[in-house]
Amino acid sequence: METVTLSEARVYVGTYNKYNSGSLFGKWLDLSDYSDKDEFMEACRELHKDDQDPELMFQDYENIPEILISESWLSDKFFELRDAIEKLSETEQEAFFVWCDHHNSDISGEDADDLISSFEDEYQGEYKDEEDYAYEIVEECYDLPEFAKTYFDYSAFARDLFMTDYWMDNGFVFRCA
């Protein structure tokens, strides 16, 4: 899943009737302007009130994972997930989508708060490499004298950590569930 910023999501909304009649008339709607799907759909219907019963067509979209949208459908979970993710920092939001890819999480079907909670339980932070994370673990968890730290094999320790307890992708470290 590519990195997206749900708070900047937008959709170009047209109708099948207009499209089939040779018109691409529609409008970009910023989903941040709507509190929920009902409000968004009402704005879509208002935009196309000249169609008797508009069959909406989402002709293009930005900052929405494909699992949450298609040409004629927007997931009911989009707004719930957007609101839950807004509590995360920009870096954490990027890490969240890396984590979702790794877990093959169905963000369109799972409870957003449960997803965020699981992510926060496993997310350890951003590091330049596995050895960088191993340095932090040694500093936080072991009271080694300074002279011992010069002999400590951080590379081997990192290898062992990431063989069993942690995984890393795009610089983000996660604890294995």
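Values in this document were obtained by computation on a predicted structure and should not be read as measured data.

Novice: Tell me about the overall build of the protein, and please be specific about residues and values.
Specialist: Across its full length, the protein holds eight helices and eight strands. The principal-axis extent of the C-alpha atoms belonging to the protein is close to 80 × 25 × 20 Å. Each of the 177 residues in the protein was classed as buried or not, and the buried ones make up 41%. Looking at the protein alone, contacts between residues at least 24 apart form 62% of all its contacts between residues at least 6 apart. Here the protein displays about 10,200 Å² of accessible surface, and carbon together with sulfur accounts for 42% of that area. The centroid of the 13 positive side-chain charges in the protein is displaced by 6 Å from the centroid of its 47 negative side-chain charges.

Novice: Account for helix α4 (residues 90-103), with residues named and values stated.
Specialist: When the terminal C-alpha atoms of α4 are compared, their 20 Å separation across 14 residues agrees well with the 20 Å that a helix rising 1.5 Å per residue should span. Tucked inside the fold, the buried residues of α4 contact α3 (78-85), α5 (112-122), β6 (123-126), β7 (166-169) and β8 (172-175).

Novice: Could you give an account of the nonpolar core, with specific residues and numbers?
Specialist: Grouped together as the largest cluster of nonpolar side chains are 38 residues, with contacts concentrated most on L31, F40, F58, F78, L81, F96 and F174. Those elements that place two or more of their residues in this core are β1 (10-15), α2 (37-47), β3 (56-62), α3, α4, α5 and β8. For this core, the element with the most residues is α4, which contributes six residues. Among the domains, domain 1 (6-122) and domain 2 (127-175) are the pair contributing at least three residues each to this core. If sequence neighbours within four positions are ignored, F78 has contacts with L6, A9, L31, I64 and L68.

Novice: Go over the pairing of β1, please, and point to the residues and values.
Specialist: Counted residue by residue, β1 has five buried out of six residues, so it is predominantly covered. Two elements, β1 and strand β2 (residues 27-30), share four bridges in a ladder whose sense is antiparallel. Of the residues in β2, the one forming a bridge with R10 is D30.

Novice: Mind laying out the sheet that holds β1, listing which residues take part and the relevant values?
Specialist: Here three strands make up an open sheet; going across it, the order is β2-β1-β3 and the pairing antiparallel. Strands at the two margins of the open sheet, each flanked by one partner only, are β2 and β3. Recorded for the sheet is a direction-independent mean angle of 30° between the axes of neighbouring strands. Running over the sheet, α2 touches β1, β2 and β3 and is turned about 115° from β3.

Novice: Explain α5 to me, and be specific about the residues and the numbers.
Specialist: Along α5, the residues that are buried comprise A112, L115, I116, F119 and E122. Buried residues of α5 fall within an arc of 135° about the axis and therefore sit on the same side. Contacts made by the buried residues of α5 are with α3, α4, β6 and β8. Where α5 begins, the capping side chain belongs to D111, and its oxygen is found 3.2 Å from the backbone nitrogen of D113.

Novice: Tell me about the side chain of S75, residues and numbers included.
Specialist: Mapping S75 onto the fold places it in the loop between β5 (73-74) and α3. Here K77 takes part through its backbone nitrogen, which lies 3.0 Å from a polar atom of the side chain of S75.

Novice: Talk me through the sheet that holds β7; I want residue IDs and the actual numbers.
Specialist: In space, the three strands of this open sheet follow the order β6-β8-β7, with antiparallel pairing throughout. Two strands lie at the open edges of the sheet, namely β6 and β7, each paired on one side alone. Averaged over all pairs of adjacent strands, the angle between strand axes in this sheet comes to 20°, irrespective of strand direction. Where β7 and β8 come together, four bridges link them in antiparallel fashion.

Calculation rules
- Residues numbered from 1 in each chain as written.
- Predicted model: local features only at pLDDT ≥ 70, side-chain atom pairs only at ≥ 80, totals over all residues.
- Heavy atoms only, no water.
- Helix = DSSP H or I, 4+ residues; strand = E, 2+ residues; numbered from the N terminus.
- Buried < 20%, exposed > 50% of the residue type's maximum accessible area, 1.4 Å probe, protein only.
- Contact = heavy atoms within 4.5 Å.
- Areas by Shrake-Rupley, 256 points an atom, 1.4 Å probe, with all protein chains shown as cover.
- Lys, Arg positive; Asp, Glu negative; His and termini not counted.
- Charge placed at Lys NZ, Arg CZ, Asp CG, Glu CD.
- Expected span 1.5 Å × (residues − 1).
- Core = buried A, V, L, I, M, F, W, Y, C linked by side-chain atoms within 4.5 Å.
- Domains from an automatic or database assignment.
- Pairing = 2+ DSSP bridges.
- Axes fitted to C-alpha atoms, helices over the stretch in contact; angles between N-to-C directions.
- Arc of directions from axis to C-beta.
- Polar contact = N/O pair within 3.5 Å; in protein donor to acceptor, adjacent residues only side chain to side chain.

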